[in-house]
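Read off the chains here:
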Amino acid sequence: MNFGYLVDEANSFTVMDAAVDAGINFFDTADVYGGPQSPDMKQGYGVAEETVGRWLQRSGHRDDIVLATKVYQPMGLGPNDRRLSAYHIRRACEASLRRLQTDHIDLYQMHHVDRATPWDEIWQAMEQLVREGKITYVGSSNFAGWDVALAQSAASTRHFLGLASEQSLYNLAIRAIEQELIPALRHLGIGLIPYSPLHAGLLAGALQAGSADARIDAHRDQLTAYENLCRDLGAAPAAVAVAWLLRNPTVSTTIVGAMTTEELRADLAALSVDLDDETATRLDQIWPGPGEAPQSYAW
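A brief structural summary. (Residues numbered from 1 in each chain as written. Predicted model: local features only at pLDDT ≥ 70, side-chain atom pairs only at ≥ 80, totals over all residues. Heavy atoms only, no water.)

1. Considerations on the overall build of the chain
Worth spelling out the cut-off: Only DSSP runs of H or I reaching four residues or more are called helices, and only runs of E reaching two or more are called strands; each is numbered from the N terminus. Burial classes follow relative accessibility: with a 1.4 Å probe on protein chains only, a residue under 20% of its type's maximum area counts as buried, one over 50% as exposed, and anything between as partly exposed. Areas reported here follow the Shrake-Rupley algorithm with a probe of radius 1.4 Å; residue values treat only the protein chains shown as occluding. When charges are tallied, Lys and Arg are placed among the positive residues and Asp and Glu among the negative ones, while His and the ends of the chain are skipped. Taken as the charge centre is NZ of Lys, CZ of Arg, CG of Asp or CD of Glu, depending on the residue.
When helices and strands are tallied, the chain shows 13 helices and 6 strands. In terms of principal-axis extent, the alpha carbons of the chain reach across some 55 × 50 × 35 Å. Burial analysis of the chain (299 residues in total) assigns 50% to the buried set. Carbon together with sulfur atoms contributes 51% to the accessible area of the chain, which is approximately 14000 Å² in total. With 23 positive and 38 negative side-chain charges, the chain shows a separation of 6 Å between the mean positions of the two kinds.

Take a look at the structure:
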């Protein structure tokens, strides 16, 4: 998200080189990335895709990675330059291909749900892109559980694969999707890709680092218990937070968003953290989840 924006191109290339060298093979971006992001933004940037595209050309690693990007947010000021109409999906995909300097996108994700556009229109557009070889799989992002269920039902009637993945906000501190979304994904065989695994740094040792953040005061007791547990494990808080996500069988991978090679190494440390059932229970006690519906509220 920050390549070409908070991270200049040279350092972006360095991080991507290091990622491939470490064995990472899933790269996620979006057409709007490359500048400040907000729900009501007037127009996206395309800068992050352009940065990744130039790196792909320079590195020659296109066939070594699964390349993912997204469609939905406004990429122009016109009424058809946003959301998930068939018109916008086609144009947005072709624009992303040009910026990424490739002939296909491995995972094309709907960045948000568009409840004003019929699923038959959305799937017709995605099917056409698959037939043309421009995309391979379709994913969603920021969908509710019932949105995923409707999407898969509509895809099934068209004999289309439908969603391969859902990318959602999910971490130890923010576990709302456990109530309905994760059970839906598990039942339908759709992979979960959590973003913000460190909750914008809160789970990366914020208390120990003495970070100035209003969220720290709100979660001080939990953070104290969490960071003490991490010390008992002999692991960095950031590594424990990512390892907890990867322990979930519904999780396919997680978006780590490293902006430096040092941050990347810290994220990779999660692969060396072994969380047993007892530790997982202790984490649940510190950061309790909502439970699964309907048992969580009706039993």
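Following the structure, the description resumes.
2. Brief notes about the sheet that holds strand β6 (residues 191–195)
Short version of the rule: Whether two strands pair depends on DSSP finding at least two bridges between them. Angular values range over 0 to 180 degrees, each being the angle between N-to-C directions of two axes fitted as lines to C-alpha atoms, with helices fitted over their stretch in contact.
Taking strand neighbours across the sheet as the criterion, the 6 strands line up as β1-β2-β3-β4-β5-β6 in an open arrangement whose pairing is parallel. Either end of the sheet is taken by a strand with one partner, and the two such strands are β1 (26–28) and β6. When the angles between neighbouring strand axes are averaged without regard to direction, this sheet yields 25°. Pairing of strand β3 (residues 105–110) with strand β4 (residues 135–141) involves 5 bridges; the strand directions are parallel.

3. Looking at the packing of helix α3 (residues 86–100) against helix α4 (residues 119–131)
When two helices pack together, their arrangement is captured by the angle between the axes and the distance separating the axes. The cut-off we apply is this: Each angle is binned into one of four classes, with values under 35 degrees roughly parallel, values over 145 roughly antiparallel, values of 65 to 115 roughly perpendicular, and all other values oblique. By convention the crossing between two helices is left-handed if the near helix lies anticlockwise of the far one by an angle smaller than a right angle, and right-handed if it lies clockwise. It only takes one pair of heavy atoms within 4.5 Å for two residues to be counted as in contact.
Relative to each other, α3 and α4 sit at 30°, their axes nearing to 8 Å. Classified by the interaxial angle, the pair formed by α3 and α4 is roughly parallel. When you trace α3 past α4, the crossing you get is right-handed. Packed against α3, whose contacting residues are Ala-86, Ile-89 and Cys-93, the element α4 presents Glu-121, Ile-122, Gln-124, Ala-125, Met-126 and Leu-129 at the interface.

4. What about helix α11 (residues 261–268)?
For the record, the criterion: To obtain the arc, one takes the directions from the helix axis to the C-beta atoms.
All of the buried residues in α11 are Thr-261, Leu-264 and Asp-267. The buried residues of α11 occupy one face: seen down the axis, they fall within an arc of 115°. Buried residues in α11 make contact with α1 (9–21).

5. Details of the pairing of strand β5 (residues 163–169)
We apply this condition: The handedness of a crossover follows from its direction of travel: if, with the strands pointing away from the viewer, the path from the first strand over the helix to the second runs clockwise, the crossover is right-handed.
Most of β5 is tucked away: 5 of the 7 residues are buried. Pairing analysis gives 4 bridges linking β4 to β5, with the strands arranged parallel. Among the inter-strand pairings, Ser-141 is bridged to a residue of β5, identified as Gln-167. Between the parallel pair β4 and β5, the chain is carried across by helix α5 (residues 145–157), and the sense of this crossover is right-handed. One ladder, built from 5 bridges, connects β5 with β6; its direction is parallel. Looking at β6, one finds that Leu-169 is bridged to Tyr-195. In this fold, the crossover linking β5 to β6 by way of helix α6 (residues 181–188) has right-handed handedness.

6. What to know about the pairing of strand β2 (residues 66–71)
Taking burial as the measure, the 6 residues of β2 include 5 buried ones, the bulk of the element. Sheet topology places β1 next to β2; 3 bridges connect them, and they run parallel. Bridge pairing links Asp-28 to Ala-68 in β2. Tracing the backbone out of β1, into helix α2 (residues 47–59) and back to the parallel element β2 gives a crossover that is right-handed. Relative to β3, β2 runs parallel, the two being bridged by 4 bridges. Looking at the pairing, Val-71 lines up with Met-110 of β3. Following the chain from β2 across α3 to the adjacent parallel β3, one finds a crossover that is right-handed.

7. Details of the packing of α2 against α3
We count it as follows: For this classification, the nonpolar set comprises Ala, Val, Leu, Ile, Met, Phe, Trp, Tyr, Cys and Pro, the charged set comprises Asp, Glu, Lys and Arg, and every other residue, Gly included, is treated as polar.
At a minimum axis distance of 7 Å, the contact between α2 and α3 shows a crossing angle of 50°. Considered as vectors, α2 and α3 are oriented oblique to each other. Between α2 and α3, the residues in contact are Glu-49, Glu-50, Val-52, Gly-53 and Leu-56 and Ser-96, Arg-99 and Leu-100, respectively. Each residue belonging to the contact of α2 with α3 can be placed in one class, and the counts come to 3 nonpolar, 2 polar and 3 charged.

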